[in-house]
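Geometric and topological summary
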Amino acid sequence: MIGIGNRLRLALVCAGLVALSGCGGDGDNDKAESSAASAGSNYTPWHPNPDAQYVGAQTCVECHQQAFDDWKQSDHHKAMEPANEKTVLGDFDDTEFDHFGHTTRFYRKGDEYWVNTESNQGERVDYKIDYTFGFEPLQQYLIAFPGGRYQALQVCWDSRPVEEGGQRWFHLYQDEAIPPEDELHWTRRHFNWNFMCADCHSTDLQKNFDPQTDSYHTTWSEMNVSCEACHGPSSEHLKWAKTQAGADPKKVHAPASGDTSELSDYLKSKGLVVTLKEPEVGSWLIDPVTNKPKRSVPLASNVQVETCARCHAHRTLLEDNFHAGQPFLDSYAPSVLTDQLYHHDGQVDEEVYVYGSFVQSKMYHAGVRCTDCHHPHTMKPLAPGNALCVRCHQADQYDTPAHHFHQPESTGASCVDCHMPTKNYMVVDARRDHSLRIPRPDLSKELGTPNACNQCHTDKDVEWAAAAFKERWPGIRNDHYGERLADARRSLGSQESFAKLHALAEDSDVPAIVRGSALESLRNAGPFSPETLRLIERRLVEESEPIARQQALTALENATPAQRLQIAAKSLADSSRAVRSEAARLLAPARSMMSADQAASFDLASVEYVTRANAIDDRAAGHMGLALFYSDLGDFAKAEAAYRMAFKVEAEHVPSRVNLAEMLYQQNRIADAETLYREAVTASANTSGNGLAHDALARFFIRQKRYDEGLAELKLAVAAMPEHAQTQYFLGVALNSMGQFAEALPHLQEAHRLDSQNPEYLIGLVTICRDADELSTALSYAEQLLKLDPTSPQYQQLVEQLRAMSQQ
C-alpha cells in the first residue's frame, strides 16, 4: 500500500503486507551472531534452476489443498484484486468526500466503480477504478494512466468496524491540502504503483520500464502474493510431482541419514528452487541453566526470515529480478538505523516494516523465525493474546502481575502491548515494533524516544514513567546502544564522537545492523583519522555480517581514492553482492591505480553496480548513480548522458541538473552550466528541492562575481528552506562580506541554532563578531567552540587571544 510519512515524505517506500508477532524480550546488548549454523554445513536452501517457470497457485491445489485454503484467508491473497462487487469495500453510492476544499466523488456505472476527482492539471476528471489494493485496515484504489502507469488514490477507505472509527473515507495527509501542483499529489510519481509497491503486492512482477519512452510495460504471473512469491517458480517441482506415477508426493520422504549434503541434493531433485523448511525439525525447550526458551537444534539457514524480508524491509534493489531463496543481500540492500528512519535506540519512526527491527531483537538471534509466531499460510498469529508468547515463555514467570504489574487481561498485562508497541502509519494502520524490547522510559527521558508505558498512560509524563520503571525493575539499567549512538551523532566531528562510533562498530555484543549504523554515521563525521581508516579495514576483514561490511565501505566516502583502494580492494570479491557492488562504486575513482587482478575484479563488480543502478531506472536516483560512477571513471560523455536521462525521467529532480551543471562548469562550459542551474529552479517549483536549486544558482553567481544576483538567490533559498543550516550560514557569510554585519549575524546565529555541534558555524560567528569589534560576543562563541573539543590547541589559542583583546 502506498503512503509516505510526514517527516520522510519522499522516502522510497515498499509495501508491508503483514506484521510479524512474537513474545517479549530485551533489545539491549543483543548478540550479533544469528543462530543459523552455516560454518561446516553443506546444506543450502537455494537450488538455482534456470528452467523453472511460474505456473500459478492453482497448480498447487492438488497436492497442497490445505495450504491453498489457508492462503486464501491471508492478507497476501487480498494484496491486490480486480475491482468488483466482491472485492471493493468502500462506499461508492454516489458519496462525496471533501479535503481542504478538494472534493472527490465515488460512484458506480453498472458493475464498474468510478471516482471523480482532480487531475494533475487541477481539472475534475472521471476515472475508472481498475484494482483494489489491500483490504484491512484500509483499502486503496488503483487507476490506469497513460504510459502503463497505475496511480493510487490518496483518499482511502477505512475498513475497520464503525466502533473502531472505520467505515469512512479519509485522506492520507489529514493536515495538508496536497493540491494538484504538489509533488505528493496522487497523480505524481510518489503514488505510482509500478515503482512504489508493485513488486511486493504481486508475484513474478516484471516492472519493464523504458526510460527512452518514459513508459511501463509491467507484467506479473499473478496479481496478488501467491505461493510462488515465497516458494519460487514451481514448474520443475510440478514436473517432479507428475513423475511419481500416482504416488502421493507428500509421502516421498527425505533421506533419514541427516547428511545435509544428501538432503540438499534430494530437495533439488524435487524441482524446488528454494526450501523454506529446516532440514531437521526442531522445537522450543526451556534451557535448565538460563530458564529461558532455546531451540532444540540450531537453524541451518536464515532463508525463511530473509524470504519475508524481501517485502518486509526498508531496502533498495540490487537487481531487477528476485531469485527465491538466495541471500537477502544478494538482491537488496536493507537500510540501517539512520536518524531519518529510526529513533536513536532502534525503535521504528518512519515506515520501515519489520526486518530492521526484528534483526535487533534477542528473539532473532536466538533463532526465532516468522513461523514460530505466525501460521505460514494464513499469516495469522498461532494463538491469541498472551497465549502466543507462553507457547515458549513460562506463563508462571511472565504472564503474571508479579512481572507486568497490571491486572490480568488488561492492556498493561498484554505481552505485545508492552514489548511490541504500535505506531500508526497511513493514518489508521497500527504496526508493531518487532525489536521486542523492554520498555525503557528512562531512555525516553534521556533520548526523547517513545516508550510503551507512556503510550498507554497518556495522562502521565516521562518523569513519572521513568520513576515507576526504576521502582519496579531496579535491577534493569543496561547500557543501551541507542545511548552511545545518540551521543556520537550529537557531536559528529569531535574526537569523542569518533571514539564512540569506533567502539560501537567493533562491539560484537550489539546486532550487526547497529554496527552498520555506527559505520554509516562515520561517513558524516568529518575528515578521517588514520585510526578510522584502520577501523574500516579491520571491519571489512573481521565482520561476519554483510550489512555491516557494506556500511564500512560506505563510510569510506571521505577517503582518498588511494586510501579506498588500499583498504577496500578485496571487497570487490566479497561473498555478498551488496558489498561487491558498493565496493565498485567506491573504487571507481581508483580504477587507474589498480593492478591487473584488481582491475579484473573491479570490472566484474562494476557489472553488478550498473545492474543495481538500472534496477531503479524509473527514478532519477538510478541514472544519477550511473552518472557519478561514469564521472569517477573519467567517462564524462556517459556521465552527461546519464545525468540528462535522470531529469528526463524525473523532470523536477534538482541534484541531477545541479551535478551536471557543476561538471560542465569544470569543463569551462559556463553558459551551458548556467542554463542547467536556471532550469533546476524552474523545474523544481512547488517541490521540496526548490530551495536547493536556488542555493546552487546562488553559488554559481557568486563564483562568477555576480554578487547581487547571488545574494538575491540566497535569500530565496533561505525562504524556501529556513531549516537548512548550511544555507543560513552561507547567506550570513555573503551578507557580511558585503559589509552588512547587522543583517548577517541573525543568519549565522540561526545556522548555529539548527546545528549546534557544527564547529564551522561557531568559527564563522567568532570571526565576524571579532572583525566587527564585538569582542565579548566573539569570546562567548569561542568558549562554546572550545566546549565542543576541549583538547583542541587551535580553539584554546583562539579563546586566549580573544580574552586578551577584550582586556585591552
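Quick summary incoming for the structure in this document. Quick caveat: nothing in here was measured; it's all calculated off a predicted structure. (Residues numbered from 1 in each chain as written. Predicted model: local features only at pLDDT ≥ 70, side-chain atom pairs only at ≥ 80, totals over all residues. Heavy atoms only, no water.)

Topic: the pairing of strand S18 (residues 429–432)
- The alternating pattern of S18 places Asp 429 and Arg 431 on a buried face and Ala 430 and Arg 432 on a face that is not buried.
- Turn length for the strand S17 (residues 422–425)-S18 hairpin, with the two strands adjacent in sequence and antiparallel, is three residues, and the turn residue Met 426 shows positive phi of about 50°. (Buried < 20%, exposed > 50% of the residue type's maximum accessible area, 1.4 Å probe, protein only. Helix = DSSP H or I, 4+ residues; strand = E, 2+ residues; numbered from the N terminus. Pairing = 2+ DSSP bridges.)

Notes on the packing of aromatic side chains
- Taken as a whole and assessed by the stated rule, the structure comprises 30 aromatic pairs.
- Between the aromatic rings of Tyr 131 and Tyr 150, the centroid separation amounts to 5.6 Å while the plane-to-plane angle is 65°, which identifies the pairing as edge-to-face. Residue Tyr 131 is located in strand S6 (residues 131–133), and its partner Tyr 150 is located in strand S8 (residues 149–152); the two are separated by 19 residues in the primary sequence.
- Owing to a relative accessible area of 15%, Tyr 131 belongs among the buried residues under this scheme.
- For the pair Tyr 141 and Trp 169, a centre-to-centre distance of 5.9 Å together with 55° between the ring planes defines the contact as tilted. With Tyr 141 in strand S7 (residues 138–145) and Trp 169 in strand S10 (residues 168–171), this residue pair connects regions lying 28 residues apart in the sequence. (Phe/Tyr/Trp six-rings, centres within 6.5 Å; stacked < 30°, edge-to-face > 60°.)

With respect to the state of the cysteines
- In total, this model carries one disulfide according to the counting rule given.
- Between the sulfur of Cys 200 and that of Cys 311 lies a disulfide, 2.5 Å long from S to S. Across the S-S bond linking Cys 200 and Cys 311, the dihedral sits near -100°, which makes this disulfide left-handed. Taken as a pair, Cys 200 in helix H3 (residues 198–201) and Cys 311 in the loop between helix H7 (303–309) and strand S15 (315–317) lie far apart in primary sequence, 111 residues in all.
- On the basis of relative accessibility, which here comes to 1%, the residue Cys 200 falls in the buried class. (Disulfide = S-S within 2.5 Å.)

Description of the sheet that holds strand S3 (residues 102–109)
- Spatially, S2-S3-S4-S5 is the arrangement adopted by the four strands of the open sheet, whose pairing is antiparallel. The open sheet is flanked by strand S2 (95–99) and strand S5 (124–128), the only strands paired with a single partner. The mean inter-strand angle of the sheet, taken between neighbouring strand axes irrespective of direction, is 20°.
- As judged from the five bridges shared by S2 and S3, these two strands associate in the antiparallel manner. Across the sheet, residue Asp 98 finds its bridge partner in S3, namely Thr 103. (Axes fitted to C-alpha atoms, helices over the stretch in contact; angles between N-to-C directions.)

What to know about helix H36 (residues 793–807)
- A rise of 1.5 Å per residue sets the reference length of H36, with its 15 residues, at 21 Å; its end C-alpha atoms lie 21 Å apart and thus fit the reference within 8%.
- Those residues of H36 not exposed but buried are Tyr 795, Leu 798, Val 799 and Leu 802. The buried residues of H36 occupy an angular sector of 95° when the element is viewed end-on, so they sit on one face. Among the exposed residues of H36, those oriented more than 90 degrees off its buried face are Pro 793, Glu 800 and Gln 807.
- Buried-residue contacts for H36 involve helix H34 (759–771) and helix H35 (775–788). (Expected span 1.5 Å × (residues − 1). Arc of directions from axis to C-beta. Contact = heavy atoms within 4.5 Å.)

Some thoughts on the side chain of Arg 437
- Position of Arg 437 among the secondary structure elements: in the loop between S18 and helix H15 (441–447).
- One buried charged side chain, Arg 437, makes no salt bridge at all; its nearest oppositely charged neighbour is Asp 345, positioned 4.1 Å away.
- A polar contact of 2.9 Å, which involves the side chain of Arg 437, links it to the backbone oxygen of Asp 345. (Lys, Arg positive; Asp, Glu negative; His and termini not counted. Salt bridge = Lys/Arg side-chain N within 4 Å of Asp/Glu carboxyl O. Polar contact = N/O pair within 3.5 Å; in protein donor to acceptor, adjacent residues only side chain to side chain.)

A closer look at the pattern of salt bridges
- Scanning all chains against the criterion turns up 53 salt bridges.
- Two residues, Arg 160 and Asp 158, come together in a salt bridge whose shortest N-O distance is 2.8 Å. Neither residue differs from the other here; Arg 160 and Asp 158 are each classed as buried.
- For Lys 500, the salt bridge identified is with Glu 496, shortest N-O distance 3.2 Å. Here Lys 500 pairs with Glu 496, and both are found in helix H19 (residues 495–505), just four residues apart, close to one helical turn.
- On the accessibility criterion, Glu 496 (48% relative accessible area) is partly exposed.
- Residues joined in a network through salt bridges with shared partners are Glu 506, Arg 515, Arg 538, Arg 539, Glu 542 and Glu 543.

As for the environment of Ser 226
- Summarising the element assignment, Ser 226 is placed in the loop between strand S12 (215–216) and helix H4 (227–231).
- As a C-alpha pair, Ser 226 and Ser 508 span 282 residues in sequence and 38 Å in three-dimensional space.
- With residues near it in sequence (within four places) discarded, Ser 226 still touches Ala 57, Trp 71 and Thr 203.

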